[in-house]
Amino acid sequence: MTEAMIRLEQLTKRFPGQSEPAVEELSMEIPEGEIVVLVGPSGCGKTTTMKLINRIIEPSSGRIFLEGEDVTAADPDQLRRRIGYVIQQIGLFPHRTIHDNIATVPKLLGWSDDKIRARVDELLETVGLDPSRYRDRYPKELSGGQRQRVGVARALSADPPVMLMDEPFGAIDPITRDRLQNEFLRVQEDIRKTIVFVTHDIDEAIKMGDRIAILGERSVIAQYDRPEVILSQPADGFVEDFIGSGASLKRLNLARVRDYELGDWPTGRVDEERPTLLAKLRASDKGAILILDAEGRPQRWLRPRDLQRPDASLSDIGLVVEAKVEPQATLADALNELVRSRVGSAVVVDKSGVYAGTVDMDVIMTAAEAMRKAARADARASMDAESSAGQVR
Amino acid sequence: MTPLEQLEGFPTYLANNWDTVLELAIAHAIVVGVSIVIAGVVGVGLGCLTYRNQPARDAVLRVTGLFLTIPSLALYALLITIPGMGFGAKPVIVALTMYALLPIVRNTVTGLLGVDPAIVESALGMGLSRGQRLFRIELPLAWPVVLTGVRVSTLIIIGIAALGAILNGPGLGELIFDGLGRFGTPFALPIALSGFLGVVALGIVFDVFFNVVTRLTTSRGVR
């Protein structure tokens, strides 16, 4: 573990008029450059915990360290300008343009107009919005997904080392949410921020988190570890219940398509002769051949009986390729597509839509086996480490 | 002369005296304008200071509400007993300001409390100070509601300002009282009517003015 970016020490929050504290003696370290997900049932205090970090809620006792510095008593406004903040409702300023929204913190910090303009355009590009089209619009002129991206851009504006995200994708439809999650992970690969991410959705936690803290009542940590460890070795019954059934399926959320050897289905070009295609198909053990266009983009699946129909053109017969995934998609995404596909295979395409391989049941099974082995090895290694550490003490 | 015959004399009266009527209308507008500016500053200020504190907020609303229940003649009579107040524009402006406060304070408070808490929270989370949040986020968002309060106040005090003529206050009330004083003479009705219509016209002018101001000072993003 690298040096902790955020360190919470015995943090407690008691709200007036409540007998039980909302957060009790919470201590945790959040390492630099990782996404740490706080997850737990409603009312467990995860949002309160997050708001203690930027002191939107002031702790009753305990200390908060940011980059090694005790910020428990620092000026809260100055502190918050160093911490990006994204909430579920996003909270864009409706009376300000997208540019002005994103420029909020840089303006507070006194950046020059030129620097601010360049930074805003850069961030809009980062989150996939064309600056010339969106810069001067108002929030009400954007869709929910676009507003969410602007919210992320705004939180990143002054390049804070830390971001707090409270159910940032919670109010978005499932399809857009999935896309935004993937985009955000891609952005995070470049920016490597330290992120505290709150959600009640264990699947989102597994997908987004480098580490997951499963919180019980009063924000007590039930388990704090890497997602694969939490899935393979839940610390107690509470964690097990929270993960729910299907831990092996959930583990597929942790694996990315690009990290595994892809399946090899026969392919042909749209301009090739039928006998050639048929011969290629017969030479493989698969039930269909994938037809690519001149740029190498997958078009159709052709089965032997499709190829035996001499009357129709190649671009009209067979099955249109619908199940497509990108290399950064998870195996769970791929499995989902695969099940949907009538051929039993999801086609992997790169960013420009060019064929890169396939994910079929064999690929999934091999990956699942590999993950199981790795988890077992991990568990053994950590047990060894603990016992040897015990001996040193 | 029957009232109808008197009414026929109205155009003639207005044609011969339009400069007087206009002068009084301008004086009327100035008294109302000065009062509304003072009430605007005080009212919005009180609203901003108290909206987050319920006891203070309730107290301010109760006191300004009380002002509005005092009959205007009684208030004018009361004001001239205050040493140094005298007659003329001064007591009228004081009275009008008092009457204008409630709608302005009330709408300022309502507008500020109506700002989406998520917007305020995101502003807080970004490190905007208390004052920055108020002036850059909350007030601009509450602005259309605040202006509506100012507009309602203006319409209320335009009418009350006419009564200020009994204290020798400037404005169209002079014509109304003059007309009443000449009851039975040929010009009684035309004079009073020009004062009355002048007040109505002034109300319309102020209303249009506030429409334009609201358009010009409200962000396109919240219209």
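Residues numbered from 1 in each chain as written. Chains lettered and ligands numbered in written order. Predicted model: local features only at pLDDT ≥ 70, side-chain atom pairs only at ≥ 80, totals over all residues. Heavy atoms only, no water.

1. Some words on the overall build of chain B
Then step 1. Each helix and strand in chain B was counted, giving 9 helices and 0 strands.
Then step 2. Along chain B, helices (α) and strands (β) appear in the sequence α-α-α-α-α-α-α-α-α when read from the amino end.
Then step 3. For chain B, the spread of C-alpha atoms along the three principal axes comes to 75 × 40 × 25 Å.
Then step 4. When each of the 223 residues of chain B is scored for burial, the buried share is 48%.
Then step 5. Considering only intrachain contacts with a sequence separation of at least 6, the fraction spanning at least 24 residues in chain B is 77%.
Then step 6. As presented, chain B carries roughly 10,900 Å² of accessible surface, and 71% of it is formed by carbon and sulfur atoms. (Helix = DSSP H or I, 4+ residues; strand = E, 2+ residues; numbered from the N terminus. Buried < 20%, exposed > 50% of the residue type's maximum accessible area, 1.4 Å probe, protein only. Contact = heavy atoms within 4.5 Å. Areas by Shrake-Rupley, 256 points an atom, 1.4 Å probe, with all protein chains shown as cover.)

2. With respect to the interface of chain A and chain B
Size of an interface: often given as the accessible area lost when the parts come together.
Then step 1. Listed as interface residues are 26 residues of chain A and, on the opposing side, 21 residues of chain B.
Then step 2. Of the roughly 2,000 Å² buried at the junction of chain A and chain B (both faces included), carbon and sulfur atoms supply 61%.
Then step 3. Here A:Lys51 makes a salt bridge to B:Glu121, at a shortest N to O gap of 3.3 Å.
Then step 4. At the junction of chain A and chain B, the tally comes to 10 residue pairs in polar contact (both at pLDDT 80 or more).
Then step 5. Those elements giving two or more residues to the side of chain A that touches chain B turn out to be α2 (76-80), β6 (83-86) and α4 (104-108) of chain A.
Then step 6. Per-element accounting of the side of chain A that touches chain B gives the leading share, 3 residues, to α4(A).
Then step 7. Here the side of chain A that touches chain B is composed, by residue class, of 11 nonpolar, 6 polar and 9 charged. (Buried area = accessible area lost by both parts, 1.4 Å probe. Salt bridge = Lys/Arg side-chain N within 4 Å of Asp/Glu carboxyl O. Polar contact = N/O pair within 3.5 Å; in protein donor to acceptor, adjacent residues only side chain to side chain. Nonpolar A, V, L, I, M, F, W, Y, C, P; charged D, E, K, R; others polar.)

3. Focus: the packing of helix α6 (residues 117-125) of chain B against helix α7 (residues 130-163) of chain B
Residues and elements named next belong to chain B.
Then step 1. Remark: α6 packs on α7, axes separated minimally by 11 Å, with the N-to-C direction vectors making an angle of 165°. Comparing the axis directions of α6 and α7 gives the class roughly antiparallel. Judged by the twist between their axes, the crossing of α6 over α7 is right-handed. Here Ile119, Val120, Ala123 and Leu124 of α6 lie close against α7, whose contacting residues are Arg133, Ile137, Glu138 and Leu141. (Axes fitted to C-alpha atoms, helices over the stretch in contact; angles between N-to-C directions. Parallel < 35°, antiparallel > 145°, perpendicular 65-115°, else oblique. Left-handed = near helix turned anticlockwise from the far one by under 90°.)

4. A closer look at the confidence of the model for chain B
Then step 1. Looking at chain B as a whole, the pLDDT averages 93, with 100% of positions reaching at least 70.
Then step 2. For this predicted complex, the interface score ipTM comes out at 0.86, alongside a pTM of 0.78. (pLDDT = per-residue confidence, 0-100.)

5. A word on the pairing of strand β13 (residues 298-302) of chain A
All names here are of chain A.
Then step 1. Within β13, 4 of the 5 residues are buried, which leaves it mostly tucked inside the rest of the structure.
Then step 2. Examined bridge by bridge, strand β12 (residues 289-292) and β13 share 4 bridges and lie antiparallel to one another. Paired with Leu292 across the two strands is Pro298, which belongs to β13.
Then step 3. Between β12 and β13, which pair antiparallel one after the other, the connecting turn spans 5 residues, and Gly296 there sits at a positive phi close to 85°.
Then step 4. Here 2 bridges tie β13 to strand β14 (residues 319-320), and the two strands are oriented antiparallel to one another. Following the sheet pairing, Arg300 is matched in β14 by Val320. (Pairing = 2+ DSSP bridges.)

6. A few points about the sheet that holds strand β10 (residues 221-225) of chain A
Pairing between the strands of a sheet comes from backbone hydrogen bonds, and it takes one of two forms, parallel or antiparallel.
All names here are of chain A.
Then step 1. Strands sit in the order β6-β7-β8-β3-β9-β10 across an open sheet of 6 strands; the sheet is mixed. Each end of this open sheet is capped by a strand with a single partner; those strands are β6 and β10. Between one strand axis and the next, the sheet turns through 15° on average, direction left out of account.
Then step 2. Note that β6 and strand β7 (residues 162-166) share 4 bridges and pair parallel. Paired with Val86 across the strands is Met165, a residue of β7.
Then step 3. Along the sheet, helix α8 (residues 174-191) contacts β3 (35-39), β7 and β8 (194-199); its crossing angle with β3, the most-contacted strand, is approximately 140°.

7. Comments concerning helix α8 (residues 173-181) of chain B
Then step 1. For α8(B), the set of buried residues is B:Gly173, B:Leu175 and B:Gly179. Take α8(B) and look down its axis: the buried residues cluster within an arc of 160°, on one side only. (Arc of directions from axis to C-beta.)

8. With respect to the side chain of A:Thr358
Residues and elements named next belong to chain A.
Then step 1. Here Thr358 lies in strand β17 (residues 355-360).
Then step 2. Take Thr358: its relative accessible area is 0%, and that puts it in the buried class.
Then step 3. Among all residues touching Thr358, those that are not within four sequence positions of it are Leu262, Gly263, Asp264, Trp265, Trp301, Ser345, Ala346, Val347, Val348 and Val363.

9. Digging into the pattern of salt bridges
Residue and element names in this part refer to chain B.
Then step 1. Under the defined criterion, the tally for this structure stands at 31 salt bridges over all chains.
Then step 2. Notably, a salt bridge pairs Asp207 with Arg151, separated by 2.9 Å at the nearest N-O pair. Of this pair, Asp207 sits in helix α9 (residues 188-217) while Arg151 sits in helix α7; the two residues are 56 residues apart in sequence, bridging distant segments of the chain.
Then step 3. Owing to a relative accessible area of 24%, Asp207 belongs among the partly exposed residues under this scheme.

10. Structural notes on the nonpolar core
Then step 1. Core analysis: the biggest nonpolar cluster contains 48 residues, and B:Tyr76, B:Leu96, B:Leu112, B:Ile157, B:Leu172 and B:Leu175 have the highest contact counts within it.
Then step 2. Looking at this core, the elements that each hand over two or more residues are α2 (10-50), α3 (54-69), α4 (72-80), α5 (89-113), α7 and α9 of chain B.
Then step 3. No other element matches α5(B), which puts 13 residues into this core.
Then step 4. If near-sequence neighbours (up to four positions away) are discounted, B:Leu112 is found in contact with B:Gly47, B:Cys48, B:Tyr51, B:Leu134, B:Glu138, B:Leu139 and B:Ala142.
Then step 5. If you look at the next biggest cluster of nonpolar residues, it comprises 43 residues, including A:Ile102, A:Ile116, A:Ala153 and A:Ala205. (Core = buried A, V, L, I, M, F, W, Y, C linked by side-chain atoms within 4.5 Å.)

11. As for the sheet that holds β12(A)
Then step 1. Ordered in space as β11-β12-β13-β14 (chain A), the 4 strands form an open sheet in which the pairing is mixed. The sheet is open, and its two borders are formed by β11 (267-269) and β14 of chain A, each paired with just one other strand.

12. Here we look at the packing of aromatic side chains
Residues and elements named next belong to chain A.
Then step 1. This model, assessed by the stated rule, comprises 6 aromatic pairs over all chains.
Then step 2. Note on Phe169 and Phe184: the rings are 6.3 Å apart at their centroids and 65° apart in plane angle, and the pair reads as edge-to-face. Highlighted residues: Phe169 in the loop between β7 and α8 and Phe184 in helix α8, separated in sequence by 15 residues.
Then step 3. Overall, Phe169 belongs to the buried group, its relative accessible area being 1%.
Then step 4. Considering the side-chain rings of Trp265 and Trp301, the 5.2 Å spacing of their centres and the 65° angle between planes classify their relative orientation as edge-to-face. Of this pair, Trp265 sits in the loop between α12 (247-251) and β11 while Trp301 sits in strand β13; the two residues are 36 residues apart in sequence, bridging distant segments of the chain. (Phe/Tyr/Trp six-rings, centres within 6.5 Å; stacked < 30°, edge-to-face > 60°.)

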